Amino acid sequence: MRHEAIYNLYSAVVSINGDGDNAVARDANGSVVSWDADAVATKQTELENAAKLDELRTERNKRIAETDH
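Residues numbered from 1 in each chain as written. Predicted model: local features only at pLDDT ≥ 70, side-chain atom pairs only at ≥ 80, totals over all residues. Heavy atoms only, no water.

Assigned secondary structure in the chain consists of two helices and three strands. In the chain, the order of α-helices and β-strands from amino to carboxyl end is α-β-β-β-α. Its C-alpha radius of gyration of 17 Å places the chain more than 25% over the 11 Å reference for a compact globule of 69 residues. Expressed along its principal axes, the backbone C-alpha trace of the chain runs to roughly 55 × 25 × 15 Å. Put simply, of all contacts in the chain between residues at least 6 apart along the chain, 35% involve residues at least 24 apart. Entry remark: accessible area of the chain is about 5100 Å², with carbon and sulfur atoms responsible for 48%. The average position of the 8 basic charges and that of the 13 acidic charges among the side chains of the chain differ by 4 Å. (Helix = DSSP H or I, 4+ residues; strand = E, 2+ residues; numbered from the N terminus. Rg over C-alpha atoms; globule rule 2.2 N^0.38 Å. Contact = heavy atoms within 4.5 Å. Areas by Shrake-Rupley, 256 points an atom, 1.4 Å probe, with all protein chains shown as cover. Lys, Arg positive; Asp, Glu negative; His and termini not counted. Charge placed at Lys NZ, Arg CZ, Asp CG, Glu CD.)

Laid out in structure tokens, this is it:
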């Protein structure tokens, strides 16, 4: 999810190597794109929360569909 957060925050990033705080993000030219760990952590939390809400919404919709006749 951290990679997704980096891609989400930094549009110039086209590839990421490594994990965690050691991840190295690069742009289309291969240049390193620096990223802020705090901003990425905040975005990662937002993305995780959104994913949980999507799961709940999917389950809710499934249950509603089961009762529709």
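This part takes up the sheet that holds strand β2 (residues 24-26). Spatial ordering of the open sheet is given by β1-β2-β3, a layout of three strands whose pairing is antiparallel. The sheet is open, and its two edges are formed by β1 (15-17) and β3 (32-33), each paired on a single side. (Pairing = 2+ DSSP bridges.)

By size, the foremost hydrophobic cluster in this structure holds 10 residues: Ala5, Ile6, Val13, Ile16, Ala23, Ala25, Val33, Trp35, Val40 and Leu47. Every element with two or more residues in this core is listed here: α1 (2-9) and α2 (37-67). Excluding anything up to four places from it in sequence, Val33 contacts Val13, Ala25, Arg26 and Asp27. (Core = buried A, V, L, I, M, F, W, Y, C linked by side-chain atoms within 4.5 Å. Buried < 20%, exposed > 50% of the residue type's maximum accessible area, 1.4 Å probe, protein only.)

The subject of this paragraph is the environment of Ala12. Mapping Ala12 onto the fold places it in the loop between α1 and β1. Spatially, the C-alpha atom of Ala12 lies 7.8 Å from that of Val33, the residues being 21 residues apart in sequence. With near-sequence residues (within four places) excluded, Ala12 lies in contact with Arg26, Asp27 and Ala28.

Within the fold, Arg2 resides in helix α1. What makes Arg2 buried here is its relative accessible area of 18%. Side chain to side chain, Arg2 and Asp21 meet in a polar contact 2.6 Å long. Not counting residues up to four positions away in its chain, the partners in contact with Arg2 are Gly20, Asp21, Trp35, Val40 and Gln44. (Polar contact = N/O pair within 3.5 Å; in protein donor to acceptor, adjacent residues only side chain to side chain.)

The values are spatial; any link to function lies outside them.
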